Amino acid sequence: MRLLFVCLGNICRSPTAEGVMRVLVERAGMQEQVELGSAGTGSWHIGSPPDERAAAVARARGMPLDGAARQVGPEDFERFDLLLAMDRANARELLALAGDADERAKVRLLREFDPGSAGAQDLDVPDPYYGASGGFEEVFDIVQAACEGLLEQISAGELP
């Protein structure tokens, strides 16, 4: 299973999701079954490390963030099984980039996998970039819950 986490700039939410999922996958001993990546729909931060505020929250919880920001491209639809958008705007960007119905079917909102969000109207992971530092704590909690649910579905064979 190849998963790409996607947000706007690839410095806050998507690297947080990738970092959290990487630790969860390692703890489950599933490194051979799950490949991870992250990207942004925009190009502003290409090559930048994760935002220090996001990295500090993740470090405090024992889940380091690594990597450099990159922009999502059409080739990602071939490389990844699921492209997990952090919010509806990111999902719209991915759907516009998708080449056909099969590629569009790969686009999902990350919070769809959070059992605690079942039936919720708003499945967006809020963007903490311009907000207070507490927003990064909230995003981490939201992302962790969704990643745990996602890994449960992968482990149960509920996803392709």
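Before reading on, note that the structure itself is shown above.
Since we're looking at a predicted model, the values are computed, not measured.

Caption draft 1: The pattern of salt bridges, seen in detail. Inspection of every chain in the model, using the stated rule, returns 13 salt bridges. The partner of Asp124 in a salt bridge is Arg88, with the nearest N and O atoms 3.1 Å apart. Here Asp124 is found in the loop between strand S4 (107–109) and helix H6 (134–155), whereas its partner Arg88 is found in helix H4 (residues 88–97), with 36 residues between them in sequence. Residue class for Arg88 comes out partly exposed when judged on its relative accessible area of 42%. Look at the salt bridges and you will find they share partners, linking Arg13, Asp87 and Asp127 into a network.

Caption draft 2: H4, seen in detail. Asn90, Ala91 and Leu94 are the residues of H4 that are buried. Along the long axis of H4, the arc covered by the buried residues comes to 100 degrees, so they all point the same way. When the buried face of H4 is taken as reference, the exposed residues oriented beyond 90 degrees from it are Arg92 and Ala96. Of the surrounding elements, those touching the buried residues of H4 are strand S1 (2–7), helix H1 (13–27), helix H3 (76–79), strand S3 (82–85) and S4. Sitting at the head of H4, Asp87 places a side-chain oxygen 3.1 Å from the backbone nitrogen of Ala89.

Caption draft 3: Expanded view of H1. Between its first and last C-alpha, H1 extends 21 Å over 15 residues, near the 21 Å set by a 1.5 Å rise per residue. The element H1 is largely enclosed, with a buried count of 12 among its 15 residues. For H1, every residue scored as buried is listed here: Arg13, Ser14, Pro15, Thr16, Ala17, Glu18, Gly19, Val20, Met21, Val23, Leu24 and Val25. Those residues of H1 that are buried are in contact with S1, strand S2 (35–40), helix H2 (52–60), H4 and H6.

Caption draft 4: Examining the state of the cysteines more closely. Throughout the structure, instances matching the rule amount to zero disulfides. The closest cysteine sulfur to the non-disulfide-bonded Cys12 is located on Cys7, 6.7 Å from its own sulfur. Of the residues examined, Cys12 reaches a relative accessible area of 5% and is grouped as buried. Not part of a disulfide, Cys147 finds its nearest cysteine sulfur in Cys7, a span of 13 Å.

Caption draft 5: View of the pairing of S2. For S2, a buried count of five out of six residues is recorded, marking the element as mostly surrounded by other parts of the structure. Direction of pairing for S1 relative to S2: parallel, over a ladder of six bridges. Within S2, the residue paired with Cys7 across the bridge is Gly40. Handedness of the crossover joining S1 and S2 through H1 is recorded here as right-handed.

What counts and how
Throughout this document, residue positions are counted from 1 along each chain, in the order its sequence is written. Local features in this predicted model are restricted to residues of pLDDT 70 or higher, and side-chain atom pairs are both shown and tallied only at a pLDDT of 80 or more, whereas totals for entire chains, interfaces and linings draw on every residue. The side-chain figures draw on all heavy atoms in the structure; neither hydrogens nor water molecules are used. We count a salt bridge whenever a side-chain nitrogen from Lys or Arg sits within 4 Å of a carboxyl oxygen from Asp or Glu. A run of H or I in DSSP counts as a helix once it spans at least four residues, and a run of E counts as a strand once it spans at least two, with each numbered from the N terminus. Exposure is judged per residue with a 1.4 Å probe applied to protein chains only, and the accessible area is read against the type maximum: over 50% gives exposed, under 20% gives buried, and values in between give partly exposed. Read the arc as the range of directions from the helix axis to the C-beta atoms. Any two residues whose heavy atoms approach within 4.5 Å at even a single point are treated as in contact. Within 3.5 Å is the distance limit for a polar contact, defined as a pair of N or O atoms, with the added protein rule that one can donate a hydrogen and the other accept it, and that residues adjacent in sequence qualify only through two side-chain atoms. Here the expected span of a helix is defined as 1.5 Å times the quantity of residues minus one. Any pair of cysteine sulfurs within 2.5 Å is marked as a disulfide. For two strands to count as paired, DSSP must find a minimum of two bridges between them. With the strands aimed away from the viewer, a crossover counts as right-handed if its path from the first strand over the helix to the second runs clockwise.

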